[in-house]
Amino acid sequence: MQKFVVAPLFLATLALAACGTSNTPGNSASASATPSASDGSTPAPAATAVTGTVKLQDATTQISPEATLELALVDVTRQPGVTVNKQAFNPPAFPQAFHIPFSASAINANDLYVLQATMQNNGRSYTTKLQQPVLTRGTPSTVDLTLVPEPTAAEKMLDDFKQAKRQTGGMTVKNGTSSKIGESRSWQVFSDVHGVQFIIEQVNQADKGFTKTEYAYRDALPWVVVQQQMPKADAPATSTQQAGWGNNGVLVLNQQISGGKTSTLSNSEAKALHDQAEAEYKRFTKQH
């Protein structure tokens, strides 16, 4: 008989326990049903600007008051590239922080965007070695850029001159000498199928010193002249004049190097070198 009394009481206790469990605040079942802040359900806000800093590869570079740094956010998927926004600094102060805002509607997630940086300083251009992708295709909105100097037109001309000089080994060369009281001369004339391309002339004036002049030509016109003054043959140069002209005859290279310092040739000095180059070309063209 007792078994029939105990069973109902036991069932009632279980029912009450189950009811109490379902209504207890803060239990584990209830907590797991509530979204947490760390489950990724709240997306991070979309970028509204490209930010970062720009530095110089050579931190000792002197920045002139007229220097201008420009940064541009450009969509390069479309050609020509479309500038979304840009920012300029005149003059920049390195490391230069930047903040380039944009409207979210201006950005297409399928396009490629790059941050371009250029600077003009003391007649020289500076830029990054590579364009920096930003914003889309997994690229960041915050970047750090490094500016490197590009060679000037004069430096490019000197490099081309040195390369042309190395190529004289494959040309026809003729040598000559002459002398008079107090002066002796020697020269080498390098020619190819197009005519005279290079002349090297050395003048020894004894107590007045030694002069070595290298003349290079393009299209039968003076291109680059490098003239060195030294106390005697094979001695280090005490001064060097360098002049070069573009295809349109405009002076591109005009340097005077003396005492370890570089200055600008005067127009008259550059013209004198040009006149010398023309006279030498005419002289040796007739002979060869």
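Residues numbered from 1 in each chain as written. Predicted model: local features only at pLDDT ≥ 70, side-chain atom pairs only at ≥ 80, totals over all residues. Heavy atoms only, no water.

Structural notes on the confidence of the model for the chain
Next up, step 1: Summing up the model confidence of the chain, the mean pLDDT is 86 and the portion of residues at 70 or higher is 84%.
Next up, step 2: In the model, residues 1-40 has pLDDT below 50 throughout and makes 2 contacts with residues more than four positions away in sequence or in other chains. (pLDDT = per-residue confidence, 0-100. Contact = heavy atoms within 4.5 Å.)

A few points about the packing of aromatic side chains
Next up, step 1: The tally for this structure, following the rule as stated, stands at 5 aromatic pairs.
Next up, step 2: Aromatic side chains tryptophan 187 and phenylalanine 284 sit 5.6 Å apart centroid to centroid with 55° between the ring planes, which places their arrangement in the tilted category. Taken together, the positions of tryptophan 187 in strand β10 (residues 183-192) and phenylalanine 284 in helix α4 (residues 267-287) put the pair 97 residues apart, joining distant regions of the chain.
Next up, step 3: The buried category is assigned to phenylalanine 284, whose relative accessible area is 0%.
Next up, step 4: Ring pairing ties together the aromatic residues Phe161, Phe190, Phe198 and Trp223, which thus form one cluster.
Next up, step 5: Directly above the aromatic system of tryptophan 223 lies the positively charged group of arginine 218, at a separation of 3.8 Å from the ring centroid.
Next up, step 6: When the ring centre of tryptophan 187 is taken as reference, the NZ or CZ atom of arginine 283 above it lies at 4.6 Å. (Phe/Tyr/Trp six-rings, centres within 6.5 Å; stacked < 30°, edge-to-face > 60°. Helix = DSSP H or I, 4+ residues; strand = E, 2+ residues; numbered from the N terminus. Buried < 20%, exposed > 50% of the residue type's maximum accessible area, 1.4 Å probe, protein only. Lys NZ or Arg CZ within 6 Å of the ring centre and 35° of its normal.)

Re the environment of lysine 271
Next up, step 1: Topologically, lysine 271 is positioned in helix α4.
Next up, step 2: For the pair lysine 271 and leucine 251, spaced 20 residues apart in sequence, the C-alpha to C-alpha distance is 9.4 Å.

Digging into helix α3 (residues 153-166)
Next up, step 1: Look at α3: 20 Å from first C-alpha to last across 14 residues, which is about the 20 Å you get at 1.5 Å a residue.
Next up, step 2: All of the buried residues along α3 are Ala154, Met157, Leu158, Phe161 and Ala164. Each buried residue of α3 sits inside an arc of 120° when the element is viewed along its axis, so together they form one side. (Expected span 1.5 Å × (residues − 1). Arc of directions from axis to C-beta.)

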